[in-house]
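Residue-level listing of the chains:
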Amino acid sequence: MQLNFKSKVVSVDIFFIEHRDPIFSLIVLFAIILMIAALSYAWGIFSGKDEKKRIEKFIKKFDNKGGISEQHRQMLLSPEIDVQSLSLLGITFAKNGDFEKAVGVYLIALTKIKDKHEKEFILNELGEVYFKAGFLKRANDVFLQALELSPRNATALRFLTMIDEKLKNYEEALFALNSLEELGVNVQAQKVYIKANVILDDKNSTTEEKSDKILALSHDFTLLKRMAMQLWIKNGLNLKNFTDFADLDDVIDIIYRKNEPVNLKDDDYKALFYAKGTIDEKCEIKGFELNVIKNLNDAGFERAELNFNYVCKSCKNSFPMHFYRCPMCHELGSVKILPYITEKPDENSMPF
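Residues numbered from 1 in each chain as written. Predicted model: local features only at pLDDT ≥ 70, side-chain atom pairs only at ≥ 80, totals over all residues. Heavy atoms only, no water.

A. Spatial organisation of the overall build of the protein chain. Summing up its helical and strand segments, the protein chain has 15 helices and 3 strands in all. Counting across all 352 residues of the protein chain, residues that qualify as buried make up 38%. Sequence-distant contacts in the protein chain: of pairs separated by 6 or more residues, those separated by 24 or more amount to 46%. Looking at the protein chain as shown, the accessible area adds up to about 21,800 Å², and 55% of this sits on carbon and sulfur atoms. (Helix = DSSP H or I, 4+ residues; strand = E, 2+ residues; numbered from the N terminus. Buried < 20%, exposed > 50% of the residue type's maximum accessible area, 1.4 Å probe, protein only. Contact = heavy atoms within 4.5 Å. Areas by Shrake-Rupley, 256 points an atom, 1.4 Å probe, with all protein chains shown as cover.)

Rendered as structure tokens:
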């Protein structure tokens with residue numbers, strides 16, 4: 001019995017030695033690799049078909065054949081027209097304000113694209129067209145589709161933030177900003193701007209309470225000081241009691257309209273009211289326009305006044321009204337106020 005037991009032990013040892021054979025181990029390793037590769041390939045085919053179905057369903061949802069004629073549609077669907085050409089055509093239509101045709105071109109491009117990154121790019125372009133055209137819900141759906149392809153799509157996240165901002169979905173906007181921040185984007189100014197808007201919409205706080213909360217955020221976005229000052233003016237509070245004034249360059253358009261001098265401890269504010277003739281205490285006047293206004297007033301010509309244009313420092317476009325976010329390039333805090341001299345309107349010549 002003892003001999004049999006030993007023989008069994010020896011045979012078992014031989015079995016495990018065979019399984020520890022390097023060649024056998026390599027065979028097992030290659031078999032595992034092949035199995036993983038096959039599963040990955042199968043999953044890729046399955047997910048690709050699923051993604052294709054989602055894109056087709058997405059295109060049907062937004063397709064509007066009114067933008068492009070059937071003849072032109074068939075021409076653009078031709079294999080001879082590549083995706084890059086369609087993209088350039090869509091951009092051209094969008095720049096010219098023909099948003100309906102731009103949408104049609106981008107939807108045709110989506111039917112041709114197989115590369116994931118190209119799909120992401122076209123979806124971003126399509127979403128931006130809808131955003132510019134004012135179709136915020138559609139833009140939102142497009143950018144969400146883009147995020148399904150790539151959760152790290154910074155462009156889609158940025159536009160989703162602005163869409164939620166316009167729709168006053170401030171919690172969703174902050175969530176999108178948090179995602180952008182994780183991608184390494186500096187969003188501190190945008191965060192405090194959203195929070196300031198939340199404060200403005202608070203119906204349970206007084207004007208002074210709202211102002212204090214907004215000013216507390218202004219170290220991350222200095223234009224919030226202008227927002228607080230506008231809040232005081234809108235609600236009929238006297239700016240003489242305001243404590244934390246914005247730089248004059250950021251508020252010259254609203255301070256110039258004030259007949260009662262404020263913040264005279266600041267040299268720039270003081271010079272503005274001196275140029276207008278509101279105060280008599282002499283001081284140095286900086287800026288060509290204010291100097292001209294002062295000289296004209298001294299010469300007895302009181303028909304001159306300042307008016308203002310608002311230029312985006314990022315895209316250089318000019319607008320007739322102040323903005324916190326550029327209407328064209330959507331840059332936050334890029335406004336520059338440019339004064340120019342004009343003549344006061346003659347009330348006697350105005351039509352009734």
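Okay, back to it.
B. Summary view of the environment of Leu107. Tracing the chain through its elements places Leu107 in helix α5 (residues 99-112). Assessed through its relative accessible area of 2%, Leu107 is described here as buried. In this structure, the C-alpha to C-alpha distance between Leu107 and Leu123, residues 16 residues apart in sequence, is 8.9 Å.

C. Molecular detail of the nonpolar core. Leu224, Met229 and Ile255 are the most contacted members of the largest nonpolar core, which has 48 residues in total. Secondary-structure elements contributing two or more residues to this core are α10 (188-200), α11 (207-217), α12 (224-234), α13 (248-255), α14 (267-276), α15 (288-298), β1 (304-312) and β3 (335-343). Setting aside residues up to four positions removed in sequence, Leu224 forms contacts with Val192, Tyr193, Ala196, Ile214, Leu217 and Ser218. Residues Leu123, Val142, Phe143 and Leu160 belong to the second largest nonpolar core, which totals 39 residues. (Core = buried A, V, L, I, M, F, W, Y, C linked by side-chain atoms within 4.5 Å.)

D. Representation of the sheet that holds β1. The 3 strands are arranged β2-β1-β3 in an open sheet whose pairing can be described as antiparallel. Of all strands in the sheet, those bounded by a partner on one side alone are β2 (318-319) and β3. Two strands pair when backbone bridges link them, and β1 and β3 are joined in this way by 9 bridges, in the antiparallel orientation. Paired with Cys312 across the two strands is Val335, which belongs to β3. (Pairing = 2+ DSSP bridges.)

E. The pattern of salt bridges, seen in detail. The tally for this structure, following the rule as stated, stands at 12 salt bridges. Across the pair Lys294 and Asp298 runs a salt bridge, and its minimum N-O distance is 3.3 Å. You can see Lys294 and its partner Asp298 sitting in helix α15, 4 residues apart, about one turn around the helix. Residue Asp298 is classed as exposed on the basis of its relative accessible area, which comes to 53%. (Salt bridge = Lys/Arg side-chain N within 4 Å of Asp/Glu carboxyl O.)

F. Representation of unusual backbone geometry in the model. Not every positive phi belongs to a glycine, and Lys168 is a case in point at roughly 65°. Following the sequence through the fold, Lys168 ends up in the loop between α8 (154-166) and α9 (170-182). Residue Lys316 is not a glycine yet carries a positive backbone phi of 70°. With respect to the helices and strands, the residue Lys316 is situated in the loop between β1 and β2.

The analysis is restricted to geometry; functional conclusions fall outside its scope.
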